[in-house]
Amino acid sequence: MEMDFYKARLRKYGIEAIIPGDQVTRDYVQDTIKNELGVGIIKPETKSRYISIVNDLVNDGAECLILGCTEIPLLISQLDFEIPVFDTAKIHTQAIVNYALN
């Protein structure tokens, strides 16, 4: 989330990406993706913390949420938030199916 992979691309379209401001939170997200979600462990306390992290981002001005990692939708989804949520795994999969069928 700290690299320009998404941020630079979004910036081309006038969209500013906001990521968690502190390293502790970014490390927490990385750790839970690798050591929980990536191995099929889904914990209610992790979901609660992710929701809290997103709510902090909304308070900082975020208007939508991009789930830019394939494992994160295992934990949180549009059902958890009032802001629009974009699941990139779902978006990419739908684009592949559409391409294959056309």
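Below or above, wherever it landed, is the structure these notes cover. A quick note: this is a predicted structure, and the numbers were derived from the prediction, not measured.

Rules used in this analysis
- Starting afresh in each chain, residues are numbered from 1 along the sequence in its written order.
- Where totals are concerned, whole chains, interfaces and linings use all residues; where local detail is concerned, this predicted model gives features only for residues with pLDDT of at least 70, and gives and counts side-chain atom pairs only at 80 or more.
- Just so you know, side-chain values use all the structure's heavy atoms and leave hydrogens and water out.
- Put simply, a salt bridge is a Lys or Arg side-chain nitrogen that is within 4 Å of an Asp or Glu carboxyl oxygen.
- In this scheme, a residue with accessible area under 20% of its type's maximum is buried, one over 50% is exposed, and one in between is partly exposed, where area comes from a 1.4 Å probe on protein chains only.
- Residues grouped as a nonpolar core are buried Ala, Val, Leu, Ile, Met, Phe, Trp, Tyr and Cys residues, joined through side-chain atoms within 4.5 Å.
- Note on conventions: DSSP H or I runs of at least 4 residues are helices, E runs of at least 2 residues are strands, and numbering of each starts at the N terminus.
- Here, residues are in contact when the closest pair of their heavy atoms is within 4.5 Å.
- Cavity means a closed set of points on a 1 Å grid over the protein atoms alone, one where a 1.4 Å probe fits but cannot get out, pocket means an open set with protein on both sides within 12 Å along at least 5 of 7 lines, and lining means a residue has an atom within 4 Å of a point.
- Grid points are joined across faces, edges and corners, and a volume is the space filled by probe spheres set on the points.
- When residues are grouped by polarity, Ala, Val, Leu, Ile, Met, Phe, Trp, Tyr, Cys and Pro land in nonpolar, Asp, Glu, Lys and Arg in charged, and all others, Gly among them, in polar.

## Regarding the pattern of salt bridges
- The full count for this structure, using the stated rule, is 3 salt bridges.
- The closest approach of N and O atoms between Arg11 and Asp4, which form a salt bridge, is 3.7 Å.
- For the salt bridge of Lys43 with Glu36, the shortest nitrogen-to-oxygen distance reads 3.8 Å.
- Accessibility expressed as a relative area gives 10% for Glu36, which makes it buried.

## Notes on the nonpolar core
- Of all hydrophobic cores here, the largest spans 18 residues; its most connected members are Ile33, Tyr50, Leu65, Ile72, Ile76 and Phe81.
- For this core, the secondary structure elements donating two or more residues are α2 (23-35), α3 (44-59) and β1 (65-67).
- Take this core: its biggest share by element is 4 residues, from α3.
- Those residues in contact with Phe81 that lie beyond four places of it in its chain are Ile51, Val54, Asn55, Leu65 and Ile76.

## Side note on the layout of surface pockets
- Considered as a void within the structure, the largest pocket measures approximately 840 Å³ in volume.
- Met1, Ile18, Ile19, Leu65 and Ile66 are the residues nearest the centre of the largest pocket, which is lined by 33 residues in total.
- Of all the secondary structure elements, the ones that give two or more residues to the lining of the largest pocket are α1 (4-11), α2, α3 and β1.
- Element by element, the count of residues in the lining of the largest pocket is highest for α3, at 5 residues.
- In terms of residue class, the lining of the largest pocket is made up of 26 nonpolar, 3 polar and 4 charged.

Purely geometric stuff here, so don't read any function into it on its own.
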